[in-house]
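# Examining the three-dimensional arrangement
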Amino acid sequence: MLNVIDNSGAAVAECVKVLKMDRHAKIGDRIIVVIQKQRTFGPESSPSSSKTSTSSVAAANKVRRGDIRHAVVVRTKKKYQRPDGSVVGFEDNACVLINKGGEPIGTRLSGVVGREVGGRGWSKILSLAGLQV
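Taking an unreviewed UniProt entry as the reference, the protein is identified by name as Large ribosomal subunit protein uL14m belonging to Friedmanniomyces endolithicus. Database annotation for the protein, UniProt heading Sequence similarities (unreviewed entry): "Belongs to the universal ribosomal protein uL14 family."

Listed below in structure tokens is the structure:
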């Protein structure tokens, strides 16, 4: 299970396959995920609310529960050693959803992103990130 750190509408995703690899996913790897939990934006829809508010909340969610999407791993719990000798490990596993062309679905990223993402060819994700470690 991975946390989704962009504003695409997904909160939690489950990795199904690591593309082009026969091993576990590392930072910067492209994976296929299934959306397990949706993020709610704005107020909860209640029976007395108008249709415009529920449609605006639905429009903010670009993905739905059960969707199969591509993603890039940006944080892993497993510690790894960089070539300079430093050891880096994060407190959770996280990913960013992308489309088939490799562009991020969301427009904002919340949280820290590993520096290796930029070295693996995902510079657009690195530029959206607020903080790189």
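With that out of the way, let us pick up the environment of Ser127. Looking at where Ser127 falls in the secondary structure, it is placed in helix α3 (residues 123-128). As a C-alpha pair, Ser127 and Arg108 span 19 residues in sequence and 9.9 Å in three-dimensional space. A distance of 2.7 Å separates a polar side-chain atom of Ser127 from the backbone oxygen of Lys124.

What follows is about the pairing of strand β3 (residues 30-38). Of the strand pairs in this sheet, strand β2 (residues 10-18) and β3 are connected by seven bridges, and their pairing is antiparallel. Bridge pairing links Glu14 to Val34 in β3. The pairing of β3 with strand β4 (residues 68-75) spans five bridges and is antiparallel. Bridge pairing in β4 links Ile31 to Ala71.

With that settled, the discussion passes to the nonpolar core. Counting residues in each nonpolar core, the largest one holds 16 residues, and the members touching the most others are Ile5, Val74, Leu109, Val113, Val117 and Ile125. Sorting the residues of this core by element identifies β4, β7 (94-98) and α3 as the ones contributing at least two each. Sequence-distant contacts of Leu109, defined by excluding residues within four places in its chain, comprise Ile5, Asp6, Val96, Ile125, Leu128 and Ala129. Core analysis: the next-biggest nonpolar cluster, separate from the first, contains 14 residues, Leu2, Ala10, Ile31 and Ala71 among them.

For the rest of this paragraph, the subject is the confidence of the model for the protein. Mean pLDDT over the protein stands at 87; residues scoring 70 or higher make up 85%. Across residues 45-50, confidence stays below pLDDT 50; counting only partners more than four residues off in sequence or on other chains, it has two contacts.

Conventions and cut-offs
Throughout, residues of each chain are indexed from 1 in the direction in which the sequence is written. For this predicted model, a pLDDT threshold of at least 70 governs which residues receive local features, and a threshold of 80 or more governs which side-chain atom pairs are given and counted, while totals over whole chains, interfaces and linings are taken from all residues. To get the side-chain values, all heavy atoms of the structure are used, and hydrogens and water are removed first. UniProt positions are given in the numbering used here, feature names are shortened, and annotations may be inferred rather than shown by experiment. Starting at the N terminus, helices and strands are each numbered in turn, a helix being any DSSP run of H or I of at least four residues and a strand any DSSP run of E of at least two. Any pair of nitrogen or oxygen atoms within 3.5 Å is treated as a polar contact; in protein, a donor-acceptor pairing is required on top of that, and neighbouring residues in sequence qualify only through side-chain atoms on both sides. At least two bridges found by DSSP between two strands are what make those strands a pair. To qualify as a nonpolar core, a set must consist of buried Ala, Val, Leu, Ile, Met, Phe, Trp, Tyr and Cys residues joined through side-chain atoms within 4.5 Å. Throughout, exposure labels follow a simple rule: accessible area from a 1.4 Å probe, protein chains only, divided by the maximum for the residue type, with under 20% read as buried, over 50% as exposed, and the rest as partly exposed. Every residue pair with non-hydrogen atoms within 4.5 Å of one another is taken to be in contact. Per-residue confidence from the predictor is reported as pLDDT, which spans 0 to 100.

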